[in-house]
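# Coordinates in review
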Amino acid sequence: MNHKLATIILFFFGFHKILYLSIFGLTLLGSVLESISVAAFFPMFSVILNNEQEPGGILKYIDLAMGWMPVDDPILAASGLLITILLLKTIVSLARDGITAFASAKVLYGVRK
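Residues numbered from 1 in each chain as written. Predicted model: local features only at pLDDT ≥ 70, side-chain atom pairs only at ≥ 80, totals over all residues. Heavy atoms only, no water.

The next thing to look at is the overall build of the chain. Scanning the chain from terminus to terminus reveals 5 helices and 0 strands. A compact globule built from 113 residues should have a C-alpha radius of gyration of about 13 Å, whereas the chain, at 21 Å, is more than 25% larger. When the 113 residues of the chain are sorted by exposure, 21% land in the buried category. Nonlocal contacts in the chain, meaning residues at least 24 apart in sequence, comprise 63% of its contacts between residues at least 6 apart. When the accessible area of the chain is evaluated, it comes to approximately 8,400 Å², of which 72% is carbon and sulfur surface. Here the chain contributes 8 positively and 7 negatively charged side chains, and the mean placements of these two sets differ by 34 Å. (Helix = DSSP H or I, 4+ residues; strand = E, 2+ residues; numbered from the N terminus. Rg over C-alpha atoms; globule rule 2.2 N^0.38 Å. Buried < 20%, exposed > 50% of the residue type's maximum accessible area, 1.4 Å probe, protein only. Contact = heavy atoms within 4.5 Å. Areas by Shrake-Rupley, 256 points an atom, 1.4 Å probe, with all protein chains shown as cover. Lys, Arg positive; Asp, Glu negative; His and termini not counted. Charge placed at Lys NZ, Arg CZ, Asp CG, Glu CD.)

Take a look at the structure:
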């Protein structure tokens, strides 16, 4: 029984490998951007609360990316970084949803045909 189920799943996976892998890749990228978007709030709070400590780990890289923003005001730089990350996350999410809809329509059309 278990072997038949695996064979059926691999049969359907074989025709649409690129679509499924692109959905998986965009889902993974969306998850990473979601985590980064949560961490992107750190520079905003750090500037507002006048935190002078040096961040460590991933927050160090988020703080470094805030330095790349083309403005001198740290609040504007933190806001710009946050908006940029949220915009990227939204674009990746919309692309994933579009490819998911296309893949499900393609599979449904193939099954009905």
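Text resumes after the structure shown.
Another aspect to go through is helix H5 (residues 74-112). End to end, H5 covers 57 Å across 39 residues, agreeing with the expected 57 Å (1.5 Å per residue, within 8%). Looking at the buried residues of H5, the elements they touch are helix H2 (17-39), helix H3 (41-48) and helix H4 (58-67). (Expected span 1.5 Å × (residues − 1).)

Following both chains from N to C, one finds H2 and H5 inclined at 155°, their axes separated by 9 Å at the closest point. By the angle between their directions, the pair H2 and H5 is classed as roughly antiparallel. Of the two possible hands of crossing, H2 and H5 adopt the one that is left-handed. The residue inventory of the contact of H2 with H5, partitioned by class, reads 17 nonpolar, 5 polar and 4 charged. (Axes fitted to C-alpha atoms, helices over the stretch in contact; angles between N-to-C directions. Parallel < 35°, antiparallel > 145°, perpendicular 65-115°, else oblique. Left-handed = near helix turned anticlockwise from the far one by under 90°. Nonpolar A, V, L, I, M, F, W, Y, C, P; charged D, E, K, R; others polar.)

Attention shifts here to the pattern of salt bridges. Counted according to the given criterion, the structure contains 2 salt bridges. Here Glu-34 and Lys-89 are joined by a salt bridge, their closest N and O atoms 3.2 Å apart. Remark: Lys-89 occurs in helix H5 and Glu-34 occurs in helix H2; sequence separation between them is 55 residues. Given a relative accessible area of 39%, Glu-34 falls into the partly exposed group. Asp-97 is the salt-bridge partner of Arg-96, the closest N and O atoms lying 3.4 Å from each other. On the basis of relative accessibility, which here comes to 24%, the residue Arg-96 falls in the partly exposed class. (Salt bridge = Lys/Arg side-chain N within 4 Å of Asp/Glu carboxyl O.)

We now examine the confidence of the model for the chain. In this model, the chain carries a mean pLDDT of 85, and residues with pLDDT of at least 70 account for 98%. No element of the chain has a lower mean pLDDT than helix H1 (residues 2-15), which averages 76, and none a higher one than H2, which averages 91. (pLDDT = per-residue confidence, 0-100.)

The next thing to look at is the packing of H4 against H5. Angle between the axes and distance between the axes: these two values describe a pair of packed helices. Interhelical geometry of H4 versus H5 gives an angle of 110° and a closest axis separation of 9 Å. The orientation of H4 with respect to H5, classified from their angle, is roughly perpendicular. Both H4 and H5 take part in a crossing whose hand is right-handed. Note on element contacts: H5 touches H4 through Pro-74, Ala-77, Ala-78 and Leu-81, opposite Ile-62, Ala-65 and Met-66. When its residues are assigned to classes, the contact of H4 with H5 shows 7 nonpolar, no polar and no charged.

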